[in-house]
Amino acid sequence: MPVRTVLSTNIEYISILDEHGEFDAKLGKDLISDEDVVKLYEHMTVCRRFDEIAFKLQRSGRMGTYPENRGQEAASLGAVYALRKDDWLVPCYRENPGLFWRGLPMEYILLHWMGDERGNQIPDGLYMTPQAIPIGTQMLHAVGLAWASKYRGEDRIACTFFGDGATSEGDCHEALNFAANLDLPVVFVCQNNGWAISVPAKIQCSAPTIAQRGLAYGMECVQCDGNDIFAMVKVVRDAAALARRSHRPTFIEAVTYRLGDHTTADDARRYRDSAEVEMWKKRDPLIRLRKYLVDRNRWDDEKERSLQADAKEQVAAAVKRAEEIAAPSTTDMFDSLYAQLPDQLRIQRATLRTACLGQDPSQLEGGIEASRQQGIEETVSEPGLP
Amino acid sequence: MPVRTVLSTNIEYISILDEHGEFDAKLGKDLISDEDVVKLYEHMTVCRRFDEIAFKLQRSGRMGTYPENRGQEAASLGAVYALRKDDWLVPCYRENPGLFWRGLPMEYILLHWMGDERGNQIPDGLYMTPQAIPIGTQMLHAVGLAWASKYRGEDRIACTFFGDGATSEGDCHEALNFAANLDLPVVFVCQNNGWAISVPAKIQCSAPTIAQRGLAYGMECVQCDGNDIFAMVKVVRDAAALARRSHRPTFIEAVTYRLGDHTTADDARRYRDSAEVEMWKKRDPLIRLRKYLVDRNRWDDEKERSLQADAKEQVAAAVKRAEEIAAPSTTDMFDSLYAQLPDQLRIQRATLRTACLGQDPSQLEGGIEASRQQGIEETVSEPGLP
Amino acid sequence: MANLTLVQAINLALIQEMEKDDRVIVLGEDVGINGGVFRVTEGLFKRFGPSRVVDTPLAESGIIGASIGLAMAGLRPVPEIQFEGFLAPAYDQLCTHAARMRARTRGALTVPMTVRVPVGGGIHAPELHSDSPAAFYVHQPGLKVVVPATPYDAKGLLISAIRDPDPILFFEPKRLYRAFREEVPEDEYTVPIGKARVVLPGDEITVISWGAPVVQCVTAIEQSDQSIELIDLRTIYPLDTETIVNSVRKTGRAVIVHEAPKTAGLGAEVASRIMEHCFLYLEAPIQRVTGFDTVMPYYKLELEYLPEAERIRKAIQEVAAY
Amino acid sequence: MANLTLVQAINLALIQEMEKDDRVIVLGEDVGINGGVFRVTEGLFKRFGPSRVVDTPLAESGIIGASIGLAMAGLRPVPEIQFEGFLAPAYDQLCTHAARMRARTRGALTVPMTVRVPVGGGIHAPELHSDSPAAFYVHQPGLKVVVPATPYDAKGLLISAIRDPDPILFFEPKRLYRAFREEVPEDEYTVPIGKARVVLPGDEITVISWGAPVVQCVTAIEQSDQSIELIDLRTIYPLDTETIVNSVRKTGRAVIVHEAPKTAGLGAEVASRIMEHCFLYLEAPIQRVTGFDTVMPYYKLELEYLPEAERIRKAIQEVAAY
Ligand SMILES: Cc1ncc(C[n+]2csc(CCOP(=O)(O)OP(=O)(O)O)c2C)c(N)n1
Ligand SMILES: Cc1ncc(C[n+]2csc(CCOP(=O)(O)OP(=O)(O)O)c2C)c(N)n1
Ligand SMILES: [Mg+2]
Ligand SMILES: [Mg+2]
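A. Highlighting the pairing of strand S3 (residues 158-163) of chain B. Residue and element names in this part refer to chain B. By the criterion of burial, S3 is predominantly enclosed, with 6 of the 6 residues buried. On S3, burial covers both faces: Ala158, Thr160 and Phe162 on one face and Cys159, Phe161 and Gly163 on the other are all buried. Sheet analysis places S3 next to strand S4 (residues 186-192), joined by 6 bridges and oriented parallel. Paired with phenylalanine 162 across the bridge in S4 is cysteine 190. Handedness of the β-α-β unit built from S3, helix H7 (residues 170-181) and S4 comes out right-handed.

B. Structural detail: the coordination of the magnesium ion (ligand 4). Distances from the magnesium ion (ligand 4) to its protein donors, Asp164(B) (OD), Asn193(B) (OD1) and Trp195(B) (O), fall at 2.0 to 2.1 Å. Of the residues examined, Trp195(B) reaches a relative accessible area of 11% and is grouped as buried.

C. Region of the structure containing the environment of Glu12(B). By the element assignment, Glu12(B) lies in strand S1 (residues 3-14). By relative accessible area, Glu12(B) is classed as partly exposed at 33%. Once residues lying within four places of it in the same chain are set aside, the contact partners of Glu12(B) are Val3(A), Arg4(A), Thr5(A), Val6(A), Val222(B) and Gln223(B).

D. Layout of the site of ligand 1. Around ligand 1 sit 20 residues, and of these Tyr93(A), Arg94(A), Gly165(A), Trp195(A) and Glu60(C) come closest. With respect to ligand 1, the chains having nearby residues are chains A and C. Taking Ala166(A), its main chain carries an N or O atom lying 3.0 Å from an oxygen atom of ligand 1. Here an oxygen atom of ligand 1 sits 2.7 Å away from a polar atom, N or O, in the main chain of Trp195(A). Surface burial for ligand 1 is 96%, taken as the share of its 580 Å² of free accessible area covered by protein chains. Of the residues belonging to the shell around ligand 1, the class tally is 10 nonpolar, 5 polar and 5 charged.

E. Up close: the site of ligand 2. Neighbouring ligand 2 are 20 residues; Tyr93(B), Arg94(B), Asp164(B), Trp195(B) and Glu60(D) lie closest to it. One finds residues of chains B and D in close proximity to ligand 2. Note that an oxygen atom of ligand 2 is positioned 2.6 Å from one of the side-chain N or O atoms of Tyr93(B). His262(B) is positioned with one of its side-chain polar atoms (N or O) 3.4 Å from an oxygen atom of ligand 2.

F. Geometry of the environment of Thr137(B). Here Thr137(B) shows up in the loop between helix H5 (106-113) and helix H6 (139-151). Sequence-distant contacts of Thr137(B), that is, excluding residues within four places in its chain, are made with Asp171(B), Asp92(C), Gln93(C) and His97(C).

G. Local environment of the pattern of salt bridges. Overall, the coordinates contain 112 salt bridges over all chains when judged by the stated rule. The partner of Glu52(A) in a salt bridge is Arg49(A), with the nearest N and O atoms 3.0 Å apart. Here the residue Glu52(A) and the residue Arg49(A) both occupy positions in helix H2 (residues 34-59), the gap between them amounting to 3 residues, near one helical turn. A residue is classified by how much of its surface remains accessible, and Glu52(A), at 36% relative accessible area, is partly exposed. Judged by relative accessible area, which is 16%, Arg49(A) ranks as buried. One salt bridge connects Asp116(A) with Lys300(C), and the closest N-O pair in it is separated by 3.8 Å. One end of the pair, Asp116(A), is in the loop between helix H5 (106-113) and helix H6 (139-151); the other, Lys300(C), is in the loop between strand S14 (287-291) and helix H11 (302-305), on a second chain. Residue Asp116(A) is classed as buried on the basis of its relative accessible area of 1%. Among the charged side chains, a network of salt bridges with common partners joins Arg84(A), Asp86(A), Glu154(A), Asp155(A) and Arg156(A).

H. Structural view of unusual backbone geometry. Omega for the bond connecting Tyr237(C) with Pro238(C) falls within 30 degrees of zero, at -5 degrees, which places this linkage in the cis form. Following the sequence through the fold, Pro238(C) ends up in the loop between strand S12 (235-237) and helix H9 (241-251). Residues other than glycine seldom take positive phi values, yet Ile197(A) does so here, at roughly 50 degrees. Checked against the element boundaries, Ile197(A) lands in the loop between strand S5 (195-196) and strand S6 (199-200). For Ile197(A), a relative accessible area of 11% corresponds to the buried category.

I. Inspection of the interface of chain B and chain C at higher detail. Across the contact, 47 residues belong to chain B and 53 residues belong to chain C. In this structure, the salt-bridge partner of Arg106(C) is Glu117(B), at a minimum N-O distance of 3.2 Å. Seen at the junction of chain B and chain C, the total is 19 residue pairs in polar contact (both at pLDDT 80 or more). For the side of chain B that touches chain C, the elements supplying multiple residues, two or more each, are H6, H7, helix H13 (332-335), helix H14 (343-351) and helix H15 (367-380) of chain B. Of all the elements, H6(B) adds the most residues to the side of chain B that touches chain C, at 8 residues. Split by residue class, the side of chain B that touches chain C holds 24 nonpolar, 13 polar and 10 charged.

J. Structural view of H5(A). All names here are of chain A. Summarising burial for H5: 8 of the 8 residues are buried, a large majority. The complete set of buried residues in H5 reads Met106, Glu107, Tyr108, Ile109, Leu110, Leu111, His112 and Trp113. Contact partners of the buried residues in H5: H2, helix H4 (96-102) and helix H12 (301-324). The positive-phi residue at the C-terminal boundary of H5 is glycine 115, with phi of around 80 degrees.

K. Representation of the interface of chain C and chain D within the structure. Listed per partner, the contact involves 50 residues of chain C and 50 residues of chain D. Summed over both partners, the interface of chain C with chain D buries about 4400 Å², with 60% contributed by carbon and sulfur atoms. The largest share of the area that chain C buries against chain D comes from Tyr91(C), Phe136(C) and His139(C), three residues that together contribute 17% of it. For the pair chain C and chain D, the interface holds 10 salt bridges. The salt bridge involving Glu276(D) is made with Arg288(C); its shortest N-O contact spans 2.8 Å. Elements that contribute at least two residues to the side of chain C that touches chain D include exactly helix H4 (91-98), helix H5 (101-104), helix H6 (134-138), strand S13 (254-261) and helix H10 (266-278) of chain C. The biggest single contributor to the side of chain C that touches chain D is H10(C), with 8 residues. Looking at side-chain class alone, the side of chain C that touches chain D contains 29 nonpolar, 8 polar and 13 charged residues.

Rules behind the numbers
Residues numbered from 1 in each chain as written. Chains lettered and ligands numbered in written order. Predicted model: local features only at pLDDT ≥ 70, side-chain atom pairs only at ≥ 80, totals over all residues. Heavy atoms only, no water. Buried < 20%, exposed > 50% of the residue type's maximum accessible area, 1.4 Å probe, protein only. Helix = DSSP H or I, 4+ residues; strand = E, 2+ residues; numbered from the N terminus. Pairing = 2+ DSSP bridges. Right-handed = clockwise from strand over helix to strand, strands pointing away. Donors = N, O, S within 2.8 Å, 3.2 Å for Na, K, Ca; no water. Contact = heavy atoms within 4.5 Å. Near = heavy atom within 4 Å. Polar contact = N/O pair within 3.5 Å; in protein donor to acceptor, adjacent residues only side chain to side chain. Areas by Shrake-Rupley, 256 points an atom, 1.4 Å probe, with all protein chains shown as cover. Nonpolar A, V, L, I, M, F, W, Y, C, P; charged D, E, K, R; others polar. Salt bridge = Lys/Arg side-chain N within 4 Å of Asp/Glu carboxyl O. Buried area = accessible area lost by both parts, 1.4 Å probe.

As far as function goes, none of this settles anything; it's purely spatial.
This is the structure:
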């Protein structure tokens, strides 16, 4: 038979708690305890508040550009909930809920967007890389992190997050291809929120699903409702188990929606229909989760009120912490550049100038030796978060 | 139903004239006239001879590194045969048979590998880009060429060739993704010859087929026997028709094998089994094509002898032409850098030095003006192939 | 004449070239209905439609690689890269192909494209949105690199760039996008590529800069007592050595100002050329007032990093006093 | 002691560091069973197995991006990029991430990796196999750039690089891979990164170079009558300004030699530093003997392009006569 089929395959879509609050009891069985659902709902609510305040900080000039995570809380949170505490997280910038759940203090994210590198100085033991600004580049780091753990015989895996737009970058392909062909334990979570700034997802991928990107690599791949935290937990848990068991990666497309603007620098009304936004507001992950809890008598208006008050307080405290940190000093930009600062940089650091008098190689009384000593002394106490 | 299948798809493999000479009359019907089969066979034989001589030129120090095309003749030749004369060809470096068929004089390829850019100075009207050395980068150029023709409302398409290794590069993904999402008439032909230098194809793609790379983009994709010129003609003809008709790209995996070393700088015995090579020698595209012709009384030993003599002569003539071209002059490297040479470069060109006396801005008697005039005069007669 | 910002001047140049020449097409991320994140392509999509103003997939190598193909086919693509930090993924296509195509094909194939890229710091932007990578592309033969500092020059240089038969990187100092307005002729006109502009004449010291710091230089010069000649290079490859050399032969002293790190920055090239051509005229070492040799810091420290007027003024005083 | 070529010295350094430290792993295209296209990793695969010597997919951004992850996790990856021309696709990961990780995380994450890359012309190689892109990476803060010119230095510098806590580009002049042999200690030893080497002492002229042209400089100097100090920079970032400055303060004259194009090449930085630090000592303009500002030509013209001994000798004579 000259024409023969050499591959047949398909893509599945998984939803457990749908937008109407319908819960698939079979698939959802024992997935998340009711206590934990409460915690997750509370956490999502705090994150929602965080976005609101971050937005206001930007508008009032107390912070730079900020990308709201609003509407996408379930995706990263469900994923991180499903992972082990020591699995690597390699995020983009719409995973605050997952990062906060892992334990990142909220002020770190604020500091980052306040233009302060100390927001990236992730505390030890959190196993995460900082937010990635260049789109699509961070997935390769997840590949390397997972590779190192496989090399060491550890069963720690890596989970990386990225948007629909990011799947167009060459680095995304290289990351998926490395993971698939070198058998690396990586979980790839694409948050398809419908848009890459003003560009609709179909320009990034005109195929029926983004999930099928994974077919190219013979990789496990699945599409799920990204606003359904149960579905997220299920697919990521399965993917993590596969990765831990047999070092195989999985590609997950979490279908979600960016309810806010791309960032505070954007005005989404320029390019998208309010009808679309309205439709997605009904699919808000918080609404359905609250309904789920109310239906099970785990939640009521009183609890909601106290949660809202608590969220307000938590976020306000984080803002206070972020704003109280002393401004960085000019020399900070030198101090973390290399493990040991090269001579010329010691001089630049000590003099804070690049122009050169042209008279002495050191520009300093005492010559290079003096500046070197001074440099060494001044770099000893490296500034960081308290 | 919470788990639902959102995509089902498959990959087909097409073979018409198989390695035993079996011909699928139904699929192969009216694909290539017997006269043309003869011409194609003759052409492949000349190309085989070309490789042999090029190899010897390198070994005897008359040419630099050269990548043999041996064993892969059917893939590019079948593709180019199936295309229109004004469709763009965007090759890598294992498509000599296709390029020669289109009309590229053989000495161009020789000149290229002799370290002479004039080998890339493709004559007008051939619609091809020069051999691409950086792996995986050229497919994007095909995307742009195809885009331009769609923009102009022409029905010219672009066909690009690349290896299995090239499919690992990010640029390959970006090219496929652009073509699929912007609806561009590109035919992507991957020559999967089993190896990327010493690295086996499964390191580039551990999936069952490379063809399924196309599934990621919702693109037509197909695998075929790349040593079967009939299969090549069929899949490329179909792909070209689709591209012309509806601007949709196709991904074709042509399964073939590199019978020689990667290049003359390589020794394939270091990394691959002779048994594998022996097996593939039996699948040689020339053997089966000759058998096809002999079976149909279109070929005999006499014809073969005269063909061999003719091939020898043709290649010898090409070598002669390549070697008779006057050596390039040093100034050549300046003359094609910009449409108009900037002043400093005129000075470098006129003086052939970068060091500067430090006395006069021009380093020349008469200053910049003089050098400018001299530069202009000297660039008027641009050297090229006769 | 209209009183335009830099953004408006560039927008006008794009519109006029597109009106005039249907080989000109604009492509990139968010250049379509959104008009670009800086609104430089505002109104183009509506005016010229989706076939001439194209939102591409989010892939910079793809944008430049495809533009090379478009250009080889005879079009005049004007791709936009959203921020200078995201030009890096396209570095390979730019340096390996765009810059070399004419040379390697001995003129058989050419790449007349103009890559527009916002550049530089000073607007409190996030990481990788404030860098100054232009010198990287100056070191790659085969490219031209343009950096306008005024609305007038921006319009004239962009028109020249689009009409130029070779690949051009057109860096737009984002700090100046809306910093001031200037009278800009409505009609099309060109400013020649490769020619510097003497902004202020003077005969005691030469200050050389390009892009956003030109404004800082003016401030610094206003605060100085010397007679200072300010040169805005406008094009950084090819460099207008003649204008630089003529000035320094007159003044004998020079200060070079740029945002990029000092080491191996373009200031080094300018200083070396001055030294080569004006050796016997130099009365003081040339000063380079630049970004530090550090990664461009996040915005809380950006003004400490950038060559602001005060640092420039200091360098001028020292050169004067030498 | 063994009499080794540059290739063998590097191979030995790799073996010794891998023996000593199992965090060291080698990855790249054809580095495994094939031992690399230049045989630099010969024997490693057999000795250390497929988990420590890894043939990756053909994707340079992938190789460097994955190495960044490996390094952040605490390993010491030594990726190989097959030729300098194919470093360009990894430019983004190198400059955007590797160079910045320590700075942007204020030290929380670091990238101790050594990227090995053959570099330069002179071996009759195809297109993009003869370029000298090192200066690009010197302009990017956060990286270090090393270019050995002898087997002894190559071994000692590579060991230093692998042990260095920061990302290093280690360029190997392929023209010297098998050009000569030198006594190299069997034992491990280090050569400090950031320190130049005075190859020949002298007091009339200073010649500064690095990589393959150092050999051409020696030839040129042998043919010259002056007392010439030859400095091999060995590391091009950080630059050993002290050694350069001390020499030129003594000689008052300098010639800088490199393969890359002149404009915005590293010669400009070296010349500028000399001018800044030795202004009153300089007796002649500094000469730069470099590749032309053209695309590196295919090999028929490569010796016309490269700074061969004759061109260097001429520059020395002119500087001497000034
Ligand atoms: C390499 C790169 N190119 C362009 C940008 C500018 N940019 C920032 S976010 C964005 C869209 C990202 O879309 P997507 O990946 O879908 O993520 P989302 O913002 O929707 O979460 C773009 C183009 C960038 N940050 N990095
Ligand atoms: C970007 C890039 N990386 C590495 C190389 C070195 N190199 C030349 S050919 C080759 C293997 C190519 O394999 P494949 O794409 O399968 O083509 P084939 O040679 O098998 O036809 C490599 C790694 C290159 N030329 N370009
Ligand atoms: Mg998105
Ligand atoms: Mg191959």
